[in-house]
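Okay, here's what each chain looks like letter by letter:
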Amino acid sequence: RLKVVDTRGHLLCELEAGESWTTRAVKDAVEAKTQIRRHEQWLCQDLLELPDSERIEDLLGEAEEAELTLVRPRAEWAEWHQQLEESGLNLAGAPDWVKADRRLVLIAAVQNSAALAHAAEDVWSDHEFVLDAVEECPRVLHFVAETLWSDRDL
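Bear in mind that the values here come from a model prediction, so they are computed numbers and not experimental data.

Helix packing geometry: the angle between the two helix axes and the distance between the axes. It is the contact of helix 5 (residues 102-111) with helix 7 (residues 127-136), at a shortest axis distance of 10 Å, that shows an interaxial angle of 30°. The two elements helix 5 and helix 7 meet at a crossing, and its hand is right-handed. Residues Arg102, Val105, Leu106 and Val110 of helix 5 form the contact with helix 7, whose own contacting residues are Phe129, Asp132, Ala133 and Glu136.

Next up, the structure:
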C-alpha cells in the first residue's frame, strides 16, 4: 500500500501497488486518481527522487506501507519532459536551459541516444552524468565527450 502526499503532507491518494510495479506505474496510477500528469510528478521518498525504473517491491522491502511525496516541477519543465520523452531529438530545438538540465538531457538520451549531440557540453562531458546515462541506456557511449573515452568506469 502506498500513500502519496503533497509537499505539505496532505494526502493526494492511496494505492494498492502490484508487486511488479515501478515508479512509472505509480505515476500512471496517481495520474488516473488525481489528474496530475505523469510528466508533472517527481515522486520522492526520504527526500530522494525515485527513478521511473525503481521497483516498488524493492522500495517497500518487508514493510506493507510506504509514503511517497509528490513534488511538482515548473509547468515549462514538465512540457519539455513530455516533448523529450516523445522524441529525444526535440533537444535540438530546445532552449539552452533545457540543454543544460541533466534530468531532461537524460530523458532525451534514453529516448534517442543521438540527442546527446545537442546537449550542453558540460552535461555530456560530466563523468557522473555519463555514468547515469550509460546505466539507463548503454548506447550513449557513442556520444560521450572524447575526454571520457579513457575512463575505465564507463
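Before going further, it helps to examine a negative patch on the surface. Together, Glu128, Asp132, Glu135 and Glu136 make up a negatively charged patch on the protein surface. The residue Glu135 is located in helix 7 in this model. Owing to a relative accessible area of 68%, Glu135 belongs among the exposed residues under this scheme.

Taken together, 5 strands build an open sheet; the order of strands is 2-1-5-3-4 and the sheet is mixed. A single partner strand is all that each edge strand has here, and the edge strands are strand 2 (11-15) and strand 4 (48-49). Of the strand pairs in this sheet, strand 1 (residues 2-5) and strand 5 (residues 66-71) are connected by 4 bridges, and their pairing is parallel. Across the sheet, the residue bridging to Val5 is Thr69, located in strand 5.

Bringing the pairing of strand 5 into the picture now. Burial along strand 5 is one-sided: Ala66, Leu68 and Leu70 are buried, and none of Glu67, Thr69 and Val71, which face the opposite way, are. Pairing geometry for strand 3 (residues 42-45) and strand 5, over 3 bridges, is antiparallel. When the sheet's bridge partners are listed, Cys44 is paired in strand 5 with Thr69.

Here the structure, examined in full by the defined rule, presents 14 salt bridges. The closest approach of N and O atoms between Arg37 and Glu79, which form a salt bridge, is 3.0 Å. Taken together, the residues span a long stretch of sequence, with Arg37 in the loop between helix 1 (23-34) and strand 3 and Glu79 in helix 3 (residues 75-86) at a distance of 42 residues. Given the relative accessible area of 36%, Glu79 is considered partly exposed. Of the charged contacts in the structure, one is a salt bridge between Glu49 and Arg103, with a shortest N-O distance of 1.7 Å. One end of the pair, Glu49, is in strand 4; the other, Arg103, is in helix 5, with 54 residues separating them in the sequence.

This part is about the side chain of His81. One can find His81 in helix 3. Its relative accessible area of 6% is what places His81 among the buried residues. Beyond its immediate sequence surroundings of up to four residues, His81 is in contact with His39, Leu104 and Ile107.

So, about the packing of aromatic side chains. Under the counting rule described, the total for this entry stands at 1 aromatic pair. When the ring centre of Trp97 is taken as reference, the NZ or CZ atom of Arg74 above it lies at 4.9 Å. Taking the ring centre of Trp42 as reference, the NZ or CZ of Arg103 above it sits at 3.8 Å.

Turning our attention to the environment of Asp6. Note that Asp6 resides in the loop between strand 1 and strand 2. For Asp6, a relative accessible area of 17% puts it in the buried group. Sequence spacing of Asp6 and Thr34 is 28 residues, and the spatial spacing of their C-alpha atoms is 12 Å. Dropping the residues within four chain positions of it, Asp6 is found in contact with Leu12, Thr69 and Leu70. At 2.9 Å, the side chain of Asp6 forms a polar contact with the backbone nitrogen of His10.

Quick notes on the rules
Every chain is numbered on its own, with residues counted from 1 as its sequence reads. Only residues with pLDDT of at least 70 are given local features in this predicted model, and only at 80 or more are side-chain atom pairs given and counted; all residues enter the totals for whole chains, interfaces and linings. Note that water and hydrogens are dropped before the side-chain values are worked out from all heavy atoms of the structure. Here an angle of 0 to 180 degrees is reported between the N-to-C directions of two axes, which are lines fitted to C-alpha atoms, with helices fitted over the stretch in contact. Counting from the N terminus, the helices are the DSSP runs of H or I reaching at least four residues and the strands are the DSSP runs of E reaching at least two. When the near helix sits turned anticlockwise from the far one by under a right angle, the crossing is termed left-handed; a clockwise turn instead gives a right-handed crossing. Only heavy atoms enter the contact rule, under which two residues are in contact if any of them lie within 4.5 Å. Exposure above 30% relative accessible area and the lack of any salt bridge qualify a residue for a patch; like charges then connect within 9 Å, and the nonpolar side chains Val, Leu, Ile, Met, Phe, Trp and Tyr within 5 Å. Each accessible area value is a Shrake-Rupley result obtained with a 1.4 Å probe; residue values ignore everything except the protein chains displayed when judging cover. Put simply, a salt bridge is a Lys or Arg side-chain nitrogen that is within 4 Å of an Asp or Glu carboxyl oxygen. In this count, Lys and Arg are taken as positive residues and Asp and Glu as negative ones, while His and the chain termini are left out. A charged residue contributes its charge at one atom only: NZ of Lys, CZ of Arg, CG of Asp or CD of Glu. Here the term buried applies to any residue with accessible area under 20% of the maximum for its type, exposed to any over 50%, and partly exposed to those in between, with areas from a 1.4 Å probe on protein chains only. DSSP bridges decide pairing: two strands pair if at least two such bridges lie between them. Ring pairs are drawn from Phe, Tyr and Trp, using the six-membered ring of Trp, whenever the two centres fall within 6.5 Å, and their geometry is named by plane angle: stacked under 30 degrees, edge-to-face over 60, tilted for the rest. Charge-over-ring placement is defined geometrically: NZ (Lys) or CZ (Arg) within 6 Å of the ring centre, and within 35 degrees of the ring normal. Counted as a polar contact is a pair of N or O atoms within 3.5 Å, where, for protein atoms, one must be capable of donating a hydrogen and the other of accepting one, and residues adjacent in sequence contribute only when both atoms are in side chains.

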